[in-house]
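Below are the chains, spelled out letter by letter.
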Amino acid sequence: MTLTDMQTPFYRIKEADLLYDIDLLQTALSENWGSNTIMSYSVKTNALPWLLHYLKEKGFYAEVVSEMEYDLVRRLGFPGKHMIYNGPIKDKKTWEAVLLAGGLVNMDSTYELDWIKEISSLYPDRQFSVGLRVNCDIAVMCPQEELAEEDGGRFGYCYENGVLADAIKRLDVLPNVTIAGLHLHSSTKSRSVEVYGALAAMACRLAKEFSLSLSYVDMGGGYFGGRDDRPGYPQYMKEICRVLSSCFDREKTTLIVEPGVSLISRATTFETEILDVKQIRGITYLVTDGSRVNLNPQVTRHVYPHHIVYKQRIRREALPVQWVCGSTCMEYDRLFELTDAPALLPGDRIIYDTAGGYTICLTPLFIHYFPAVYIEKTDGEIFTAREPWGNDEYLQKYHW
Ligand SMILES: Cc1ncc(COP(=O)(O)O)c(C=O)c1O
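Conventions we followed
Along each chain, the written sequence defines residue order, and numbers are assigned to residues from 1. Local features are withheld for residues below a pLDDT of 70 in this predicted model, meaning they are given only at 70 or higher, and side-chain atom pairs are given and counted only at 80 or more; totals for whole chains, interfaces and linings count all residues. The basis for every side-chain value is the complete set of non-hydrogen atoms in the structure, without hydrogens or water. Working definition: residue near molecule or strand if any one of its non-hydrogen atoms lies within 4 Å of it. Polar contacts, as counted here, are pairs of nitrogen or oxygen atoms within 3.5 Å of one another; within protein the pair requires one atom able to donate a hydrogen and one able to accept it, and residues that are adjacent in sequence qualify only if both atoms are side-chain atoms. Each accessible area value is a Shrake-Rupley result obtained with a 1.4 Å probe; residue values ignore everything except the protein chains displayed when judging cover. Take a side-chain nitrogen of Lys or Arg and a carboxyl oxygen of Asp or Glu: if they are within 4 Å of each other, that pair is a salt bridge. Helix and strand assignments follow DSSP, with helices taken as H or I runs no shorter than four residues and strands as E runs no shorter than two, numbered in order from the N terminus. Exposure is judged per residue with a 1.4 Å probe applied to protein chains only, and the accessible area is read against the type maximum: over 50% gives exposed, under 20% gives buried, and values in between give partly exposed. Under the pairing criterion, centres of Phe, Tyr and Trp rings, with the six-membered ring standing for Trp, must be within 6.5 Å; the plane angle then separates stacked pairs below 30 degrees from edge-to-face pairs above 60, leaving the rest tilted. To qualify as a nonpolar core, a set must consist of buried Ala, Val, Leu, Ile, Met, Phe, Trp, Tyr and Cys residues joined through side-chain atoms within 4.5 Å. What counts as a domain boundary in this text is fixed by an automatic or database domain assignment. The contact criterion used is simple: two residues touch if any of their non-hydrogen atoms lie within 4.5 Å. Working definition: a disulfide is two cysteine sulfur atoms within 2.5 Å of each other.

Lining the immediate environment of the ligand, one finds 16 residues, of which Gly222, Glu258, Gly260, Val261 and Tyr358 sit closest. With respect to the ligand, the backbone of Gly222 contributes an N or O atom lying 2.8 Å from an oxygen atom. Contact between the ligand and Val261: an oxygen atom at 2.9 Å from a main-chain N or O atom of the residue. When the ligand is considered free in solution it has 400 Å² of accessible area, and contact with the protein chains removes 88% of it.

Here it is as structure tokens:
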């Protein structure tokens, strides 16, 4: 079986490329910080069970942000102590389970300060270690940055207004609770190396200001990956470790990273086929069997890196405008415009590159159900990680 014969649309994960990025990250970490590091995969980015299991086998922890994700990774064999529980919406039972299992909990919310007080008095003989998600003003630290949100981030405890200091004070009075880590995940549009240097400097500043003896600094995710025109793990880790090494001991403080999209972008493509070619008032519309909803359901992207595989090698005239459109009946389901390009025909394939992050997991059940996911193993074998959904899957749990 080859993927050329498979019914489109489908996602393909190429194991060789995934291994390449895992190795790139591992090498960047060990060359810059030695062995005291943890790679924790951001489950929300793509919660494909095959992928989670694969990364577990490669030594990754699971970074989860919901009870559902926690349950999923637990079923897939991640031990509690290899989980990092993050996010603003925590489930109390899950929170306790991760903490009691020796996993990492990065606190983010006001209510978690009450929970930790409660659990510390419930188990006075146990020692609890927690992390704090830091919210700091990136716009001030890096004025040239393009931020994800104009007002700055909304997660974590705010440094500038003293909320972080208050949280630290509340934890300091609990005899069996230690502030073990700081969590600095932040989103910027530019994903620049400089912002990671500034965040690492913030970890140094906070450790000094609040006399924290940290067992870990968690730099989160948000890196570029799989793109030759952008920085990658070697550049990010070099900068992070350059800054962190000025104030932390590599032997004592673990460097944690939580990559999502950067780890799986290069390896994943979304493969579609042209079903129809239509002329409407001077424009050629190419109707394909994959949709914008399979790639970017939030409709925030305007660029869809891709390549084309022609079904037949024949002479093709160049057309001034061809619009590649998706498989839904929505007008906005248009992906990109080809200008002065060879005429495409039914059967030609449009293959979207770097399609792994926030695509498979965000695809809705809209008109068409979930497409298949195939793994192209290093030995050429094709493994079906998800069969395409039909009505058997759709109708489960419905009643009428
Ligand atoms: C806390 C945390 N860690 C890691 C990630 C992964 O980010 P990315 O997929 O950009 O690497 C996210 C994504 O939002 C996140 O919120």
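Now, onward.
Turning our eyes to something else, we now look at the pattern of salt bridges. Counted under the stated rule, the structure contains 20 salt bridges. For the salt bridge of Asp348 with Arg316, the shortest nitrogen-to-oxygen distance reads 2.7 Å. Within this pair, whereas Asp348 is found in the loop between strand S15 (334-342) and strand S16 (349-352), its partner Arg316 is found in the loop between strand S13 (306-309) and strand S14 (318-325), the two being separated by 32 residues in sequence. By the burial criterion, Asp348 is buried, and Arg316 matches it. One network of salt bridges, in which partners are shared, links Arg12, Glu271 and Glu376.

Moving on: the packing of aromatic side chains. For any pair of aromatic rings, the description rests on two quantities: the centre-to-centre distance and the angle between the ring planes. In this structure the tally under the stated criterion is 16 aromatic pairs. Taking the centre distance of 4.6 Å and the plane angle of 35° together, the rings of Tyr11 and Phe270 count as tilted. With Tyr11 in strand S1 (residues 10-14) and Phe270 in strand S11 (residues 268-280), the pair connects residues that are 259 residues apart, well separated along the chain. A single burial state applies to Tyr11 and to Phe270, both of which are buried. Between Trp50 and Tyr54, the aromatic rings sit 4.8 Å apart at their centres with planes inclined by 25°, giving stacked as the arrangement. With Trp50 and Tyr54 both in helix H2 (residues 49-57) and 4 residues apart, this pair spans about one turn of that helix.

With that out of the way, let us pick up unusual backbone geometry. Cis peptide bonds are those with omega within 30 degrees of zero, and the linkage from Thr8 to Pro9 qualifies with -5°. Mapped onto the secondary structure, Pro9 falls in the segment before S1. Of note, the phi angle at Asp340 is positive, near 45°, even though the residue is not glycine. Judged by its relative accessible area of 61%, Asp340 falls in the exposed class. The backbone of Tyr358 sits at a positive phi, close to 55°, despite the residue not being glycine.

On to the nonpolar core. In terms of nonpolar packing, the biggest core is built from 101 residues, with Met107, Ile116, Leu171, Met219 and Met237 touching the most fellow members. Per-element tally for this core: the top contributor is helix H8 (residues 193-209), with 11 residues. Mapped onto the domain boundaries, this core takes at least three residues apiece from domain 1 (3-11 + 268-395) and domain 2 (15-264). Contacts of Ile116, omitting those with residues within four sequence positions, involve Trp95, Leu99, Met107, Phe128, Val130, Leu171, Leu174 and Val177. Membership of the second largest hydrophobic core comes to 7 residues, among which are Ile38, Leu104, Tyr216 and Ile256.

Glancing now at the state of the cysteines. Here, the word disulfide means a covalent bond between the sulfur atoms of two cysteines. Under the criterion given, the structure shown has 1 disulfide. For Cys204, the disulfide goes to Cys247, at an S-S distance of 1.8 Å. Of this pair, Cys204 sits in helix H8 while Cys247 sits in the loop between helix H9 (233-244) and strand S10 (254-257), and the two are 43 residues apart along the sequence. Judged by its relative accessible area of 13%, Cys204 is buried. A residue is classified by how much of its surface remains accessible, and Cys247, at 37% relative accessible area, is partly exposed.

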